[in-house]
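In case you want the letters, here they are:
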Amino acid sequence: MHKSTAAGASSQGSSGASAARQSTERGRTALAVGVVEKIAGMAAREVPGIHALGSGLSRTFGAMRDKVPGGKSGVGRGIKAEVGEKQTAIDIALVVEYGVVIPELASQVRENIIVAVERMTGLEVVEVNIAVNDVHLPDEPDIEEEETVAPGQRPKLQ
């Protein structure tokens, strides 16, 4: 499907390890790692039963970053991708809703990520590793809903 040219193979600059390069007779397409991570994040969020992506610490920092004007989007939070010239491998950390059947959910998430990434990037997804880091209980507040109080400050009174 993709033809590698000598010019495409020899012109892998400083971002060769961090992006996929697909060469054709008429040019080259480079995919940044963040592109694959965002696609995988959106695909995972489409599956019912996912409460959040990422570990507790990454969600805490992400929630604070989302509140800062001009902060980066958290779509790829909890996802790590390794991207080669023709293949990619993806690691994802999940928090699931209480009551879901985790093996079935993991299978659905894996399939959704593979279909989305392969369709949108043309890369072969060789593996999707899923780590379920937590189960969100119905009576637990979301980490994003909790307000953090800086040391030495009093909490707001309502």
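Residues numbered from 1 in each chain as written. Predicted model: local features only at pLDDT ≥ 70, side-chain atom pairs only at ≥ 80, totals over all residues. Heavy atoms only, no water.

On to the overall build of the protein chain. A count of helical and extended segments in the protein chain gives four helices and six strands. The linear arrangement of helices and strands in the protein chain, starting from the amino end, is α-β-β-α-β-α-β-β-α-β. With an accessible surface of roughly 10000 Å², the protein chain has 53% of that area assigned to carbon and sulfur atoms. (Helix = DSSP H or I, 4+ residues; strand = E, 2+ residues; numbered from the N terminus. Areas by Shrake-Rupley, 256 points an atom, 1.4 Å probe, with all protein chains shown as cover.)

Here we come to the side chain of H136. Relative to the helices and strands, H136 is located in strand β6 (residues 124-136). When neighbours within four sequence positions are excluded, H136 is seen to be in contact with H51, V95, V96, E97, Y98, P141 and D142. (Contact = heavy atoms within 4.5 Å.)

In this model helix α4 (residues 102-121) runs 28 Å from its N-terminal to its C-terminal C-alpha over 20 residues, within 8% of the 28 Å that 1.5 Å per residue would give. Looking at α4, one finds that the buried residues are L105, A106, V109, I113, I114, A116, V117 and T121. A positive phi of about 80° marks G122, the residue just after α4. (Expected span 1.5 Å × (residues − 1). Buried < 20%, exposed > 50% of the residue type's maximum accessible area, 1.4 Å probe, protein only.)

This part takes up helix α2 (residues 33-45). Over its 13 residues, α2 extends 19 Å from the first C-alpha to the last, a length consistent with the 18 Å expected when each residue adds 1.5 Å. For α2, the set of buried residues is V33, V36, E37, I39, A40, G41, A43 and A44. Summarising the contacts, the buried residues of α2 are in contact with β2 (27-32), β3 (50-53), β4 (79-83), β5 (87-97) and α4.

On average, the protein chain scores 77 in pLDDT, and the residues at 70 or more come to 63%. Of the regions scoring below 50 in pLDDT, residues 1-17 engages in 18 contacts with residues more than four places distant in sequence or in other chains. When the criterion is pLDDT under 50, residues 145-150 qualifies, and its contacts beyond four places in sequence or with other chains add up to six contacts. (pLDDT = per-residue confidence, 0-100.)

To continue, consider the environment of Y98. Looking at where Y98 falls in the secondary structure, it is placed in the loop between β5 and α4. Y98 gets classed as exposed once you look at its relative accessible area, which sits at 58%. C-alpha of Y98 to C-alpha of P138: the two residues are 40 residues apart in sequence and 7.1 Å apart in space. When residues no more than four places from it in sequence are discounted, the contact partners of Y98 are V135, H136, L137 and P138.

Right, let's talk about the pairing of β4 for a bit. Only one face of β4 is covered, namely the one carrying I79, A81 and V83; the face carrying K80 and E82 has none of its residues buried. Both β4 and β5 contribute to a ladder of five bridges, which runs antiparallel. In the strand pairing of β5, K80 is matched with D91. (Pairing = 2+ DSSP bridges.)

We now examine the environment of D134. By secondary structure assignment, the location of D134 is in strand β6. According to the relative accessible area criterion, D134 is partly exposed, its value standing at 35%. A sequence separation of 36 residues divides D134 from Y98, and the C-alpha atoms of the two residues are 9.4 Å apart. Apart from the residues lying within four places of it in its own chain, the contact partners of D134 are L94, V95 and V96.

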